[in-house]
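Residue-level listing of the chains:
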Amino acid sequence: VLQKRLFDDGYWVFYDASQRTAPRSLVEYLAAEHVTVVYEPRRALDIDQVLAARGLVRPFVAMVPSFSGIPAFVRGTSRLATLPGMLRNTSMHGFADCAPPFDSPKLPMYMIWHLRYRHDPVHCWLRASLEAVVAPSLSAAKRDLEPG
């Protein structure tokens, strides 16, 4: 399997601004109810591993198998969801967000393909097209990713 790093994202805390304000401290953040994504088999997000290494745990009230399930559990509540920032432009559009109140890991995003497609003309075109679209899209998205 071959890979190429396309960009890095970061974690952001999403919340319903009609129900609460941004968490101002780690204590306030950890005291809130949280919603998260859990991959099978029960693999937590990197951010939870970072917190666990510090002896900290977020209280989860809902765990869903994909990011698209998060908004229904956050909207109209005081819950928090700490997710990749690029989701601000898609499934988390309309939610307020802020940086986490602690240092969090970067989220590298990769393009991955099998070695057998390394020289395949159509696959080469697809990879080149993806790279051509990602760069300008990221420039525009970075402007939108400032806390709002």
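Residues numbered from 1 in each chain as written. Predicted model: local features only at pLDDT ≥ 70, side-chain atom pairs only at ≥ 80, totals over all residues. Heavy atoms only, no water.

J.: When you look at the overall build of the protein in this model, what are you seeing that I'm missing?
T.: The secondary structure content of the protein amounts to 4 helices and 6 strands. With the model as given, the accessible surface of the protein reaches about 8,700 Å², and the carbon-plus-sulfur share is 58%. (Helix = DSSP H or I, 4+ residues; strand = E, 2+ residues; numbered from the N terminus. Areas by Shrake-Rupley, 256 points an atom, 1.4 Å probe, with all protein chains shown as cover.)

J.: Just checking my understanding: could you explain the pattern of salt bridges for this structure?
T.: A pair can form between side chains of opposite charge whenever their charged atoms are brought close. Under the definition given, this model contains 7 salt bridges. Residue aspartate 8 pairs with arginine 5 through a salt bridge whose shortest N-O separation is 2.6 Å. We classify aspartate 8 as partly exposed; its relative accessible area is 41%. Residue arginine 5 is classed as partly exposed on the basis of its relative accessible area, which comes to 44%. Linking glutamate 28 and arginine 24 is a salt bridge whose minimum nitrogen-to-oxygen distance equals 3.8 Å. One network of salt bridges, in which partners are shared, links Arg20, Arg24 and Glu28. (Salt bridge = Lys/Arg side-chain N within 4 Å of Asp/Glu carboxyl O. Buried < 20%, exposed > 50% of the residue type's maximum accessible area, 1.4 Å probe, protein only.)

J.: Is there a simple way to explain the packing of aromatic side chains in this structure?
T.: The geometry of an aromatic ring pair is captured by the separation of the ring centres together with the interplanar angle, meaning the angle of the planes. Under the definition given, this model contains 1 aromatic pair. Just above the ring of tryptophan 113 sits the side chain of arginine 127; from NZ or CZ to the centre is 4.4 Å. (Phe/Tyr/Trp six-rings, centres within 6.5 Å; stacked < 30°, edge-to-face > 60°. Lys NZ or Arg CZ within 6 Å of the ring centre and 35° of its normal.)

J.: Just checking my understanding: could you explain the confidence of the model for the protein for this structure?
T.: Parts of the prediction with low pLDDT should not have their coordinates interpreted in detail. Averaged over every residue, the pLDDT of the protein is 87; residues scoring 70 or more account for 90%. The least confident element of the protein, judged by mean pLDDT, is helix α4 (residues 121–144) at 79; the most confident is helix α3 (residues 70–74) at 96. (pLDDT = per-residue confidence, 0-100.)

J.: For this particular structure, what's the right way to read the nonpolar core?
T.: Generally speaking, a soluble globular protein has its nonpolar side chains buried in company with each other. Grouped together as the largest cluster of nonpolar side chains are 14 residues, with contacts concentrated most on Tyr11, Val13, Tyr15, Tyr29, Ile47, Leu80 and Phe102. The set of elements that each furnish at least two residues to this core consists of β1 (2–15), α1 (26–31), α2 (46–53) and β5 (96–98). In terms of residue count, β1 provides more of this core than any other element does, 3 residues in total. In contact with valine 13, not counting residues within four places along its chain, are Pro23, Tyr29, Leu80, Ala81, Thr82, Ala96, Asp97, Cys98, Ala99 and Pro100. (Core = buried A, V, L, I, M, F, W, Y, C linked by side-chain atoms within 4.5 Å. Contact = heavy atoms within 4.5 Å.)

J.: Explanation requested: the environment of valine 61 in the structure shown.
T.: Examined against the element boundaries, valine 61 turns out to sit in strand β3 (residues 60–64). Separated by 18 residues in the primary sequence, valine 61 and arginine 79 place their C-alpha atoms 8.6 Å from one another. Setting aside its immediate chain neighbours within four residues, valine 61 contacts Glu33, His34, Val35 and Arg79.

J.: Is there a simple way to think about the environment of aspartate 9 in this case?
T.: When you line up the elements, aspartate 9 lands in strand β1. Judged by its relative accessible area of 6%, aspartate 9 is buried. Residues aspartate 9 and leucine 107, spaced 98 residues apart in sequence, show a C-alpha to C-alpha distance of 4.8 Å. A polar side-chain atom of aspartate 9 sits 3.4 Å from the main-chain amide nitrogen of glycine 85. (Polar contact = N/O pair within 3.5 Å; in protein donor to acceptor, adjacent residues only side chain to side chain.)

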